[in-house]
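# Secondary and tertiary structure notes
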Amino acid sequence: MSSSQQRLWNQLQGYWPALKGSLALVHKPCIRPNCPTCASGKKHPNYLLAVTDKGRRRCLYVPGPMVPALKRALKNGRRIEQLLYQMGPALLEEYRAQSPAQTGPAAVFRKSSAQKRSTKS
Ligand SMILES: [Zn+2]
């Protein structure tokens, strides 16, 4: 593994556990009869985690004590996404460093303009 890949890999491991989804706070009435909280109109706060699994959206109930852990995992998911965006440039840079003559927009431009000239004549 190259040094830039190694660096991203090390960062990635620090961002575990990670998840993608959206955490939403909803207020729902409960099933208890004569509940004072529901009667006051406040209802009960509940956290739901919405995840997409193969295109299908699912909503999962999140127990209160799990909320901080899931918030951290969501943040980690975004950090990992940022790292994955850095991975493309890192891989391309690595490739360029190994074969400098064949890459870069200048090389492509020279090649295509040379071909055009040769087809005209
Ligand atoms: Zn209630």
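Residues numbered from 1 in each chain as written. Predicted model: local features only at pLDDT ≥ 70, side-chain atom pairs only at ≥ 80, totals over all residues.

For the rest of this paragraph, the subject is the overall build of the chain. Secondary structure assignment for the chain yields 4 helices and 3 strands. Ordered by position in the sequence, the α and β elements of the chain form the string α-β-α-β-β-α-α. Scored against the burial criterion, the 121 residues of the chain give a buried share of 0%. If you take every contact in the chain between residues at least 6 apart in sequence, the share linking residues at least 24 apart comes to 53%. (Helix = DSSP H or I, 4+ residues; strand = E, 2+ residues; numbered from the N terminus. Buried ≥ 20, exposed ≤ 12 C-beta atoms within 10 Å, placed from the backbone. Contact = placed C-beta atoms within 7 Å.)

Let us now look at the sheet that holds strand 3 (residues 56-62). Spatial strand order, 1-2-3: 3 strands in an open sheet with antiparallel pairing. Whereas interior strands pair on both sides, the edge strands pair on one side only; in this sheet they are strand 1 (22-28) and strand 3. Sheet twist, expressed as the average angle between the axes of neighbouring strands with direction ignored, equals 35°. Sitting on the sheet, helix 3 (residues 67-98) touches strand 1, strand 2 (44-53) and strand 3, and the angle it makes with strand 1 is about 145°. (Pairing = 2+ DSSP bridges. Axes fitted to C-alpha atoms, helices over the stretch in contact; angles between N-to-C directions.)

Bringing the pairing of strand 3 into the picture now. Sparse coverage of strand 3 is indicated by the burial of 0 of its 7 residues. Relative to strand 3, strand 2 is paired through 7 bridges, and the arrangement is antiparallel. Across the sheet, residue Tyr-47 finds its bridge partner in strand 3, namely Val-62. If you look at the hairpin formed by strand 2 and strand 3, you'll find 2 residues sitting between the two strands, and Lys-54 has a positive phi there, around 50°.

With respect to the helices and strands, Thr-37 occurs in helix 2 (residues 36-39). Beyond its immediate sequence surroundings of up to four residues, Thr-37 is in contact with Lys-42, Lys-43 and His-44.

A word on helix 1 (residues 3-14). For helix 1, spanning 12 residues, the distance from its first C-alpha to its last is 17 Å, which sits close to the expected 16 Å at 1.5 Å a residue. Sparse coverage of helix 1 is indicated by the burial of 0 of its 12 residues. (Expected span 1.5 Å × (residues − 1).)

Relative to the assigned elements, Trp-9 resides in helix 1. Overall, Trp-9 belongs to the exposed group, with 12 C-beta atoms counted inside 10 Å. Measuring from C-alpha to C-alpha, the distance between Trp-9 and Met-87 comes to 9.8 Å, with 78 residues separating the pair along the chain.

We now examine the pairing of strand 1. Taking burial as the measure, the 7 residues of strand 1 include 0 buried ones, a minor fraction of the element. Pairing between strand 1 and strand 2: 7 bridges, direction antiparallel. Residue pairing in the sheet places Leu-23 in a bridge with Leu-49 of strand 2.

On to the packing of helix 1 against helix 3, then. As a packed pair, helix 1 and helix 3 sit with axes 9 Å apart at the nearest point and diverge in direction by 170°. Classified by the interaxial angle, the pair formed by helix 1 and helix 3 is roughly antiparallel. Contacts between helix 1 and helix 3 involve Ser-4, Gln-5, Leu-8, Gln-11 and Leu-12 from the former and Ile-80, Leu-83, Gln-86, Met-87, Ala-90, Glu-93 and Glu-94 from the latter. (Parallel < 35°, antiparallel > 145°, perpendicular 65-115°, else oblique.)

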